[in-house]
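Coordinate analysis (summary)
The residues making up each chain are set out below.
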Amino acid sequence: MKTTLEKVFETLNKVELKSEKIELANIKDFKAKNKTFEKSIQNFTTDIVDIVNAREAARKKYTNLANDFSVLDKEYQGLRKVIMDLGVKMPEKIQSTYEIALRLMKSSNKDYKELVK
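Residues numbered from 1 in each chain as written. Predicted model: local features only at pLDDT ≥ 70, side-chain atom pairs only at ≥ 80, totals over all residues. Heavy atoms only, no water.

A word on the packing of aromatic side chains
Overall, the coordinates contain 3 aromatic pairs when judged by the stated rule. Look at Y62 and Y112: their rings are 3.9 Å apart centre to centre, the planes differ by 5 degrees, and that puts the pair in the stacked class. Of this pair, Y62 sits in helix α1 (residues 4-86) while Y112 sits in helix α2 (residues 92-115), and the two are 50 residues apart along the sequence. Look at F69 and Y98: their rings are 6.3 Å apart centre to centre, the planes differ by 25 degrees, and that puts the pair in the stacked class. With F69 in helix α1 and Y98 in helix α2, this pair connects stretches of sequence that are 29 residues apart. Each of the two residues, F69 as well as Y98, counts as buried. (Phe/Tyr/Trp six-rings, centres within 6.5 Å; stacked < 30°, edge-to-face > 60°. Helix = DSSP H or I, 4+ residues; strand = E, 2+ residues; numbered from the N terminus. Buried < 20%, exposed > 50% of the residue type's maximum accessible area, 1.4 Å probe, protein only.)

A word on the pattern of salt bridges
Applying the stated criterion to the full structure yields 2 salt bridges. R59 is the partner of E56 in a salt bridge, and the nearest nitrogen-oxygen pair spans 3.9 Å. Remark: R59 and E56 occur in helix α1; sequence separation between them is 3 residues, near one turn of the helix. When the shortest N-O distance is used, the salt bridge between D85 and K81 registers 3.2 Å. One end of the pair is D85 and the other is K81, both in helix α1 and 4 residues apart, which spans about a single turn. Grouping residues by exposure puts D85 and K81 together as exposed. (Salt bridge = Lys/Arg side-chain N within 4 Å of Asp/Glu carboxyl O.)

Thoughts on the nonpolar core
The biggest cluster of nonpolar side chains holds 8 residues, and these are Y62, F69, Y76, I83, M90, Y98, A101 and M105. Those elements giving two or more residues to this core turn out to be α1 and α2. If one sorts the elements of this core by residue count, α1 sits on top with 4 residues. With near-sequence residues (within four places) excluded, Y62 lies in contact with M105, S108, N109 and Y112. (Core = buried A, V, L, I, M, F, W, Y, C linked by side-chain atoms within 4.5 Å. Contact = heavy atoms within 4.5 Å.)

What about a nonpolar patch on the surface?
A cluster of nonpolar residues, F37, I41, F44, I48, I51 and V52, forms a patch on the protein surface that exposes about 590 Å² of accessible area. Note that I51 resides in helix α1. (Patch = residues over 30% accessible without salt bridge, like charges linked within 9 Å, V, L, I, M, F, W, Y side chains within 5 Å. Areas by Shrake-Rupley, 256 points an atom, 1.4 Å probe, with all protein chains shown as cover.)

What to know about the environment of R59
What makes R59 partly exposed here is its relative accessible area of 29%. For the pair R59 and Y112, spaced 53 residues apart in the sequence, the C-alpha separation amounts to 7.8 Å. Residues contacting R59, with those up to four places away along its chain left out, are Y112 and V116.

Geometric descriptors of this kind do not, in isolation, establish any biological role.
Structure, rendered in structure tokens:
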């Protein structure tokens, strides 16, 4: 027969074991949630790096685009002056091509301003 004291110690041991199991489960849950968080932060960081790299590449491409348009515009203005001096009309194909390029450049300027906000 177990004494009352033995019964009390037995009960306390069971309670302590249950408490330790609960603590271990809490630690396990925390570690799992932290692992999920670490994956999320890694994914987010990767996306941010990709965005920054894409933004930098777009800036370089815009600079090239602006330079190319500047060269095209100077060429067009020179051609326009020569044609006006000759007193003839600008060929429609050249005029429309330049106007399209001008619209595209204006649109690109707007897009670039949005990008660098």
